[in-house]
Amino acid sequence: MRKVRERQNLEFWVNRGVRLISNLKFIVDNNVGKLTKWLRIMGYDALFFDGKNDSRMVAIALAEGRVILTKDTQIMKRRVVTSGQLKAILIKNDEPEQQMHQVIDTLNLDCQFRPFALCLECNQPLLERSREQVKDLVPPYVFQTQSQYMECPACHRIYWRGTHWQAMTRKLDKFTKG
Ligand SMILES: [Zn+2]
């Protein structure tokens, strides 16, 4: 019951073009898989669907209240989608950056929602770690120069604000400005 209400709320706000601050979750079809990483960088819960069974993807989306992102026109013809029960976005462009712009524009996404809050590999919320906690887990030059660290509870990757992080931040800025 709660799930249904959440989904109705989502529709309500999306239809009014109001910027969502929470609860927006995605399931990303493998034909637009590159979107997964970008959504996670922005902090949106994004599940990558690597299967061939569309019905399975639709079932997960319904059960977990996820928006489907796909290039598959067949999915858009399904009754759950045409009736509005399930939100799906048909991605038109082949180029990942343009695809991302389509998603941002369609849902009025906040690109700076929760940047770098999720593991880019596992979609898990990252946990803050002190310098001491990661001393033996990061390269010495990183330990010397960085003070803020995050760890994924699932894969135990350690994240810090290095050059890769800076490059992604610039890209986020670009998305934000359109
Ligand atoms: Zn992880």
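Quick notes on the rules
Residues numbered from 1 in each chain as written. Predicted model: local features only at pLDDT ≥ 70, side-chain atom pairs only at ≥ 80, totals over all residues. Heavy atoms only, no water. pLDDT = per-residue confidence, 0-100. Contact = heavy atoms within 4.5 Å. Pairing = 2+ DSSP bridges. Helix = DSSP H or I, 4+ residues; strand = E, 2+ residues; numbered from the N terminus. Axes fitted to C-alpha atoms, helices over the stretch in contact; angles between N-to-C directions. Donors = N, O, S within 2.8 Å, 3.2 Å for Na, K, Ca; no water. Tetrahedral: all angles 85-135°; square planar, octahedral: opposite > 155°, others 65-115°. Buried < 20%, exposed > 50% of the residue type's maximum accessible area, 1.4 Å probe, protein only. Phe/Tyr/Trp six-rings, centres within 6.5 Å; stacked < 30°, edge-to-face > 60°.

J.: Please set out the confidence of the model for the protein residue by residue, giving values where relevant.
T.: For the protein, the mean per-residue pLDDT works out to 88, and 87% of the residues sit at or above 70. Segment residues 12-21: pLDDT under 50, and 15 contacts once partners within four positions in sequence are set aside and those in other chains are kept.

J.: Just give me the short version of the sheet that holds strand β6 (residues 149-151), but keep the residues and values in it.
T.: With respect to topology, three strands assemble into an open sheet ordered β5-β6-β7, the strand pairing being antiparallel. Each edge of the open sheet is held by one strand with a lone partner, namely β5 (127-129) and β7 (158-160). This sheet shows a mean twist of 35° between the axes of neighbouring strands, independent of strand direction. The sheet contact formed by β5 and β6 spans three bridges and is antiparallel.

J.: Give me the lowdown on the coordination of the zinc ion, citing residues and values where you can.
T.: Coordination of the zinc ion by the protein comes from C119 (SG), C122 (SG), C152 (SG) and C155 (SG), over a distance range of 2.3 Å. If you look at the zinc ion, its four donor atoms make angles of 104 to 115° with each other, and the shape they trace is tetrahedral. Judged by its relative accessible area of 0%, C152 falls in the buried class.

J.: Give a detailed account of the packing of aromatic side chains, specifying residues and quantitative values.
T.: For any pair of aromatic rings, the description consists of the separation of the ring centres together with the inter-plane angle of the planes. Under the definition given, this model contains four aromatic pairs. Look at W38 and F175: their rings are 5.3 Å apart centre to centre, the planes differ by 75°, and that puts the pair in the edge-to-face class. One end of the pair, W38, is in helix α2 (residues 34-42); the other, F175, is in helix α9 (residues 163-177), and 137 residues separate them in sequence. Pair check on accessibility: W38 and F175 agree, each one buried. On the basis of an interplanar angle of 20° and a centroid distance of 4.5 Å, the ring pair of Y44 and F113 is categorised as stacked. Placement of the pair is Y44 in the loop between α2 and β2 (45-49) and F113 in the loop between α6 (96-107) and β5, with a sequence separation of 69 residues. Like F113, Y44 is buried. Every member of this aromatic cluster is reached through a ring pair, and the members are F26, Y44 and F113.

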